[in-house]
Amino acid sequence: MSKTTKNLTLSAMFLAIGMVLPFLTGQIPQIGNMMLPMHIPVLLCGVICGWKYGAVLGFILPLIRYMVFGMPVLFPTGMAMAFEMLTYGLVIGLVYSLSRWKCIVSLYRALIAAMIAGRLVWAVAQMVLLGVSGGAFTMKMFLAGAFFNAVPGIIIQLVLIPAVMVALGRTGMVQFHSHNKKEAVSE
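Below you will find a few notes about this structure. (Residues numbered from 1 in each chain as written. Predicted model: local features only at pLDDT ≥ 70, side-chain atom pairs only at ≥ 80, totals over all residues. Heavy atoms only, no water.)

## Here we look at the side chain of glutamine 126
By the secondary structure assignment, glutamine 126 is in helix 6 (residues 104–132). Leaving out residues up to four positions away in the same chain, glutamine 126 has contacts with Pro76, Ala80, Gly131 and Phe137. (Helix = DSSP H or I, 4+ residues; strand = E, 2+ residues; numbered from the N terminus. Contact = heavy atoms within 4.5 Å.)

What follows is the structure in structure tokens.
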């Protein structure tokens, strides 16, 4: 199987996961949005398939989910999410691919960079979209939406994404080590 075919197949799988995963957390609306379920497959796609696939998946996932299920609401939420998740897939894939070692340190560096960049892009998108419609996007809204309400999802991502990569590395499906080579040499 060619690398392109493999990446397209995996991206389709991540798209399907992203379509279904919100149903698992959405049963409890008070915490469902806090879990950030659509972010997980986008972040994994960016790391495993590369930044191009992660970026495209991130952009189309909330739009396709809106067309199929009517959620998330397209304007402004779905549109802002599309740009936010595009950034997640792009940044995590790019930073990780440029890392010298494919290890836990590199993964966390890429994951944290993507989480920060995505939230900043989300804020800019919200400001623009709400500004066009005559609304306002305040610092309080930014802090609540990007950080305070997202803490459970952030914790899940910081635990689950590395755990999945360690498991996939052990099976040989991806090149991944639980430590970098510099640390392994000094041990």
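## Here we look at the packing of aromatic side chains
Two numbers describe a pair of aromatic rings. These are the distance of the centres and the angle of the planes. Enumeration according to the criterion identifies five aromatic pairs in this entry. Look at phenylalanine 59 and phenylalanine 83: their rings are 5.4 Å apart centre to centre, the planes differ by 65°, and that puts the pair in the edge-to-face class. One end of the pair, phenylalanine 59, is in helix 4 (residues 51–69); the other, phenylalanine 83, is in helix 5 (residues 74–97), with 24 residues separating them in the sequence. Using a relative accessible area of 26% as the deciding quantity, one classes phenylalanine 59 as partly exposed. Here tryptophan 122 and phenylalanine 137 contribute two aromatic rings whose centre-to-centre distance is 5.3 Å and whose plane-to-plane angle is 85°, an arrangement assigned as edge-to-face. With tryptophan 122 in helix 6 and phenylalanine 137 in the loop between helix 6 and helix 7 (139–148), this pair connects stretches of sequence that are 15 residues apart. For the residue pair tryptophan 122 and phenylalanine 137, the accessibility class agrees, reading buried in each case. (Phe/Tyr/Trp six-rings, centres within 6.5 Å; stacked < 30°, edge-to-face > 60°. Buried < 20%, exposed > 50% of the residue type's maximum accessible area, 1.4 Å probe, protein only.)

## With respect to a nonpolar patch on the surface
A surface patch of nonpolar side chains, about 760 Å² in accessible area, is lined by Val20, Phe23, Tyr66, Met67, Val68, Phe69, Met71 and Val73. Elements with a minimum of two residues in the nonpolar patch: helix 1 (3–25) and helix 4. Broken down by element, the residue count for the nonpolar patch peaks at four residues, all from helix 4. (Patch = residues over 30% accessible without salt bridge, like charges linked within 9 Å, V, L, I, M, F, W, Y side chains within 5 Å. Areas by Shrake-Rupley, 256 points an atom, 1.4 Å probe, with all protein chains shown as cover. Salt bridge = Lys/Arg side-chain N within 4 Å of Asp/Glu carboxyl O.)

## Considerations on helix 6
Here helix 6 contains 29 residues, and its C-alpha end-to-end distance of 41 Å stays within 8% of the 42 Å for a straight helix at 1.5 Å per residue. Looking at the residues trailing helix 6, positive phi occurs at glycine 134, about 90°. (Expected span 1.5 Å × (residues − 1).)

## Observations regarding the layout of surface pockets
Size it by volume and the largest pocket reaches roughly 800 Å³. Along the walls of the largest pocket sit 28 residues, with Asn33, Leu36, Pro72, Thr77 and Met81 positioned nearest its centre. Only helix 1, helix 2 (29–32), helix 4, helix 5, helix 6 and helix 7 provide two or more residues apiece to the lining of the largest pocket. Classifying every residue of the lining of the largest pocket by side-chain character gives 15 nonpolar, ten polar and three charged. The volume enclosed by the second largest pocket comes to roughly 580 Å³. Contributing to the lining of the second largest pocket are 27 residues, with Val47, Ile48, Cys49, Met173 and Val174 lying nearest its centre. Put simply, the parts of the chain that give the lining of the second largest pocket at least two residues each are helix 1, helix 3 (39–49), helix 5 and helix 8 (151–171). Among the elements that take part in the lining of the second largest pocket, helix 1 stands out by supplying eight residues, more than any other. Grouping the amino acids of the lining of the second largest pocket by side-chain chemistry returns 18 nonpolar, six polar and three charged. (1 Å grid on protein atoms, 1.4 Å probe; cavity = no way out; pocket = protein on both sides within 12 Å on 5 of 7 lines; lining within 4 Å. Points joined across faces, edges and corners; volume = space filled by probe spheres on them. Nonpolar A, V, L, I, M, F, W, Y, C, P; charged D, E, K, R; others polar.)

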